[in-house]
Amino acid sequence: MKFEPLSVCFYQVNGITVLTGGPIPCFCRAATDNDRGGGDHSYASQWKRCGLSSLMIKKPVDFEVKYLSDNVLELMSNYAIESDAVDVAQKVGFNVCMNHKVNVNGQVSITVDIKPQGEIPPLPRVGVTFEMPKEFDRLGWYGRGPFECYPDRKHAAYVGIYETSVSDLHVPYIFPGECGGRADVRWVWFKNSSNVGILASTINDSPPMQMNASYYTIEELDKATHEEELCPGQNVKVIMDLT
């Protein structure tokens, strides 16, 4: 998916850029074999018809900054996201309100309010995505693991604290698609060889997340028909979904 102009932010720790894109809403995933089953009635076909993979931010974007205290800054953005589906009747969209509260310790608390517009098909995900430089290739999480697990097939994976590399999350299915997710994640960190990184976690009464990190974009996974067609990019793409 393409999101402009809110798709890039640069978040630095000790002069090292940690975030190179996002966080922004994400509603799409690379189709799996099950998603494609059913021809024109399949989930993949429904997502394609409504333009779910080609959502764009419509201008204008309302942006407001407030100082809540000497230690807390609030950033609020309101905008509409709309698909470019050829058939107007099939178009879908979302009204999005993102709220960032930033304190002096560098902690950022994000809340997102999303209101769907139009005839929305069953959504493959509702979450946020961001990108990090490729050097942040280690991650650890508190959630289900250690192997791939999703809400519909997670009971063989036990809740615990796990650590691995971004490349080891990828599952080389013969026909590429959505893969490598971890279910019921309470927190996850990413770091480089210098132990600089970022920690993302649920807050207050938020439910656990579905977490995914990959060197491949949704578009690359969805387009490829064989594993050897995939080429790792220069960024780590992280997606955190509401489960």
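Only a predicted model underlies this, so the values are computations on that prediction, with no experimental measurement involved.

Comments concerning the packing of aromatic side chains
For the structure shown, the criterion picks out four aromatic pairs. Judged by centre distance (6.0 Å) and plane angle (10°), the rings of Tyr43 and Trp47 are stacked. A residue pair is termed a helical-turn pair when its members lie 3 or 4 positions apart in one helix, as Tyr43 and Trp47 do in helix α2 (residues 43–49) at four residues. Look at Tyr43 and you get partly exposed, because its relative accessible area is 41%. With a relative accessible area of 6%, Trp47 lands in the buried category. Relative to Tyr162, the ring of Trp141 has its centre 5.6 Å away and its plane inclined at 35°; by these criteria the two rings are tilted. Remark: Tyr162 occurs in strand β10 (residues 158–165) and Trp141 occurs in strand β9 (residues 138–145); sequence separation between them is 21 residues. The cationic tip of Lys191 hangs over the ring face of Trp189; the distance from NZ or CZ to the ring centre is 4.7 Å.

Topic: the sheet that holds strand β12 (residues 187–191)
In a beta sheet, neighbouring strands pair by backbone hydrogen bonds and run either parallel or antiparallel. Spatially, β10-β9-β12-β13 is the arrangement adopted by the four strands of the open sheet, whose pairing is antiparallel. Each edge of the sheet is formed by a strand with only one pairing partner; in this case those strands are β10 and β13 (197–201). Neighbour to neighbour, the strand axes of the sheet diverge by 15° on average, direction disregarded. In terms of strand pairing, β9 meets β12 through five bridges, oriented antiparallel.

Quick look at the sheet that holds strand β6 (residues 93–103)
Ordered in space as β4-β5-β6-β7, the four strands form an open sheet in which the pairing is antiparallel. Whereas interior strands pair on both sides, the edge strands pair on one side only; in this sheet they are β4 (56–67) and β7 (108–117). In this sheet, neighbouring strand axes are inclined to one another by 15° on average, regardless of whether the strands run parallel or antiparallel. Where β4 and strand β5 (residues 72–82) come together, nine bridges link them in antiparallel fashion. Within the sheet, the bridge partner assigned to Val65 lies in β5 and is Leu75.

Focus on the nonpolar core
Side chains that are nonpolar tend, in soluble globular proteins, to be buried together. Formed by 22 residues in total, the largest nonpolar core has its most connected members in Met132, Leu139, Val188, Phe190 and Val238. Elements with a minimum of two residues in this core: β2 (16–19), β8 (127–133), β9, α3 (166–169), β12, β13, β14 (209–214) and β15 (235–242). With near-sequence residues (within four places) excluded, Met132 lies in contact with Val18, Leu19, Thr20, Phe190, Ile198, Gln234, Asn235, Val236 and Val238. Counting residues in each nonpolar core, the second largest holds 12 residues, with Ile81, Val92, Val96 and Met98 among its members.

Details of the state of the cysteines
Under the criterion given, the structure shown has zero disulfides. Of all cysteine sulfurs, the one in Cys26 lies closest to Cys28, which takes part in no disulfide; the gap is 6.9 Å. Cysteine Cys231 shares no disulfide, and the gap to the nearest cysteine sulfur, in Cys179, comes to 16 Å. Residue Cys231 is classed as exposed on the basis of its relative accessible area, which comes to 56%.

What about a nonpolar patch on the surface?
A contiguous nonpolar surface patch, about 380 Å² in accessible area, is contributed by Phe63, Val65 and Tyr67. Its place among the elements puts Phe63 in strand β4.

Some points on the side chain of Glu74
Among the structural elements, Glu74 can be located in strand β5. The side chain of Glu74 is buried and forms no salt bridge, while Lys101, the nearest opposite charge, is found at 4.3 Å. If we ignore the near neighbours within four places in the chain, the residues touching Glu74 are Glu64, Val65, Lys66, Leu68, Asn99, His100 and Lys101.

Observations concerning unusual backbone geometry
Of note, the bond from Gly22 into Pro23 is cis; its omega dihedral lies within 30 degrees of zero at 0°. With respect to the helices and strands, Pro23 occurs in strand β3 (residues 21–26). Along the chain, Gly145 connects to Pro146 via a cis peptide bond; the corresponding omega equals 5°. Secondary-structure assignment places Pro146 in the loop between β9 and β10. In this model, Asn204 sits at a positive phi of 50°, which is unusual for a non-glycine residue.

Observations concerning the confidence of the model for the protein
Of all residues in the protein, 92% have pLDDT values of 70 or greater, and the mean over the chain is 89. Note on residues 1–10: pLDDT is under 50 here. Beyond four places in sequence and across chains, it has 35 contacts.

How each quantity is defined
Residues numbered from 1 in each chain as written. Predicted model: local features only at pLDDT ≥ 70, side-chain atom pairs only at ≥ 80, totals over all residues. Heavy atoms only, no water. Phe/Tyr/Trp six-rings, centres within 6.5 Å; stacked < 30°, edge-to-face > 60°. Helix = DSSP H or I, 4+ residues; strand = E, 2+ residues; numbered from the N terminus. Buried < 20%, exposed > 50% of the residue type's maximum accessible area, 1.4 Å probe, protein only. Lys NZ or Arg CZ within 6 Å of the ring centre and 35° of its normal. Pairing = 2+ DSSP bridges. Axes fitted to C-alpha atoms, helices over the stretch in contact; angles between N-to-C directions. Core = buried A, V, L, I, M, F, W, Y, C linked by side-chain atoms within 4.5 Å. Contact = heavy atoms within 4.5 Å. Disulfide = S-S within 2.5 Å. Patch = residues over 30% accessible without salt bridge, like charges linked within 9 Å, V, L, I, M, F, W, Y side chains within 5 Å. Areas by Shrake-Rupley, 256 points an atom, 1.4 Å probe, with all protein chains shown as cover. Salt bridge = Lys/Arg side-chain N within 4 Å of Asp/Glu carboxyl O. Lys, Arg positive; Asp, Glu negative; His and termini not counted. pLDDT = per-residue confidence, 0-100.

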